[in-house]
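A look at the structure
This is what each chain is made of:
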Amino acid sequence: MLSKSPPKTDKRWLAVYVKMHHEKRVRDRLTDLGIENFLPVQIEVRQWSDRKKRVERLLIPMMIFVRVDMVEQHTVLTQPSVLRYLVLRGEHSPTEIPKEQMDRFRFMLDCSDSPVSFNTNTLKPGETVRVIKGPLAGLEGELVTVNGRSNIAIRINQLGCAVVEMSASMVENNKSLQ
């Protein structure tokens, strides 16, 4: 009798906790091993007294995302500075992050001209919108108001949401997403 379980070669996105200040080292090590990974960073210009410098700012400290199959999933845990996978309360296996949410999150980070922040507070459901102008054109998310300003939010259900300031004139209501 054949079982209907998914093949063990299917890759899925998982979140991995790493030691504080070791995120970039873990990213580089996983890349060297050929394991697909994503460390959410944004380039910022920091001002020192004598110069300005472009630096990578971590969006989610102590976390890196990996897209792995079952064999690579074990390999990741054996790396120095890797602590554990994100596991939801009451579950025993690592929590899979839907590919669509990761794709939207990566697109927001890659294309946004404004700083992106990450909020772990629960987001109240807002109007579902699609960006129609600017570098984030095509991005679908939720329109929310933070401190009186319009923002577009991309949910990562297990972690929170990524938020970037967005003029309401740059989005359109997207009833097909609701």
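Attention here is on the structure that accompanies the text. (Residues numbered from 1 in each chain as written. Predicted model: local features only at pLDDT ≥ 70, side-chain atom pairs only at ≥ 80, totals over all residues. Heavy atoms only, no water.)

One non-glycine residue, Met-62, lies in positive phi territory at about 65°. Take Met-62: its relative accessible area is 26%, and that puts it in the partly exposed class. Here the phi dihedral of Ser-81 falls at roughly 75°; this positive angle occurs in a residue that is not glycine. Secondary-structure assignment places Ser-81 in the loop between helix H2 (70-77) and strand E6 (82-85). (Buried < 20%, exposed > 50% of the residue type's maximum accessible area, 1.4 Å probe, protein only. Helix = DSSP H or I, 4+ residues; strand = E, 2+ residues; numbered from the N terminus.)

Looking now at the side chain of Ser-112. Note on placement: Ser-112 falls in the loop between helix H3 (99-111) and strand E8 (116-119). Taking relative accessible area as the criterion, Ser-112 reaches 13% and is therefore assigned buried. Looking at Ser-112, its side chain comes within polar contact range of the main-chain oxygen of Ser-114, at 2.7 Å. Every residue in contact with Ser-112, bar those within four places of it in the chain, is listed here: Gln-42, Leu-136 and Val-164. (Polar contact = N/O pair within 3.5 Å; in protein donor to acceptor, adjacent residues only side chain to side chain. Contact = heavy atoms within 4.5 Å.)

With that out of the way, let us pick up the nonpolar core. One finds Phe-65, Ile-97, Phe-105, Met-108, Phe-118 and Leu-159 to be the most contacted residues of the largest nonpolar core, which totals 28 residues. Once residues lying within four places of it in the same chain are set aside, the contact partners of Phe-105 are Phe-38, Pro-40, Leu-59, Ile-60, Phe-65, Phe-118, Ile-154, Ile-156 and Ala-162. By size, the runner-up hydrophobic cluster in this structure holds 14 residues, among which are Leu-30, Leu-39, Val-41 and Val-68. (Core = buried A, V, L, I, M, F, W, Y, C linked by side-chain atoms within 4.5 Å.)

What the rule picks out here adds up to 13 salt bridges. Arg-57 serves as the salt-bridge partner of Glu-44, at 2.6 Å between the closest nitrogen and oxygen. Highlighted residues: Glu-44 in strand E3 (residues 41-47) and Arg-57 in strand E4 (residues 52-58), separated in sequence by 13 residues. By relative accessible area, Glu-44 is classed as partly exposed at 22%. With its nearest N and O atoms 2.7 Å apart, the salt bridge here joins Asp-103 to Lys-99. In this pair, Asp-103 and Lys-99 are both assigned in helix H3, 4 residues apart and thus about one turn of the helix distant. Through salt bridges with shared partners, one network takes in Lys-24, Arg-27, Asp-28 and Glu-56. (Salt bridge = Lys/Arg side-chain N within 4 Å of Asp/Glu carboxyl O.)

This brings us to the sheet that holds strand E11 (residues 149-156). Taking strand neighbours across the sheet as the criterion, the 6 strands line up as E8-E12-E11-E10-E9-E13 in an open arrangement whose pairing is antiparallel. Because the sheet does not close on itself, it has two edges, and the strands there are E8 and strand E13 (171-173). Across the sheet, the mean angle from the axis of one strand to that of its neighbour is 45°, orientation sign disregarded. (Pairing = 2+ DSSP bridges. Axes fitted to C-alpha atoms, helices over the stretch in contact; angles between N-to-C directions.)

Buried residues of H2: Glu-72, Gln-73 and Val-76, and no others. The buried residues of H2 occupy an angular sector of 110° when projected down its axis, which confines them to one face. Away from the buried face of H2 by more than 90 degrees, exposed residues Val-71 and His-74 are located. Residues of H2 that are buried make contact with strand E1 (12-18), helix H1 (23-32), strand E5 (63-68) and E6. Regarding H2, its N-cap is Asp-69, as a side-chain oxygen of that residue lies 3.1 Å from the backbone nitrogen of Val-71 further along. (Arc of directions from axis to C-beta.)

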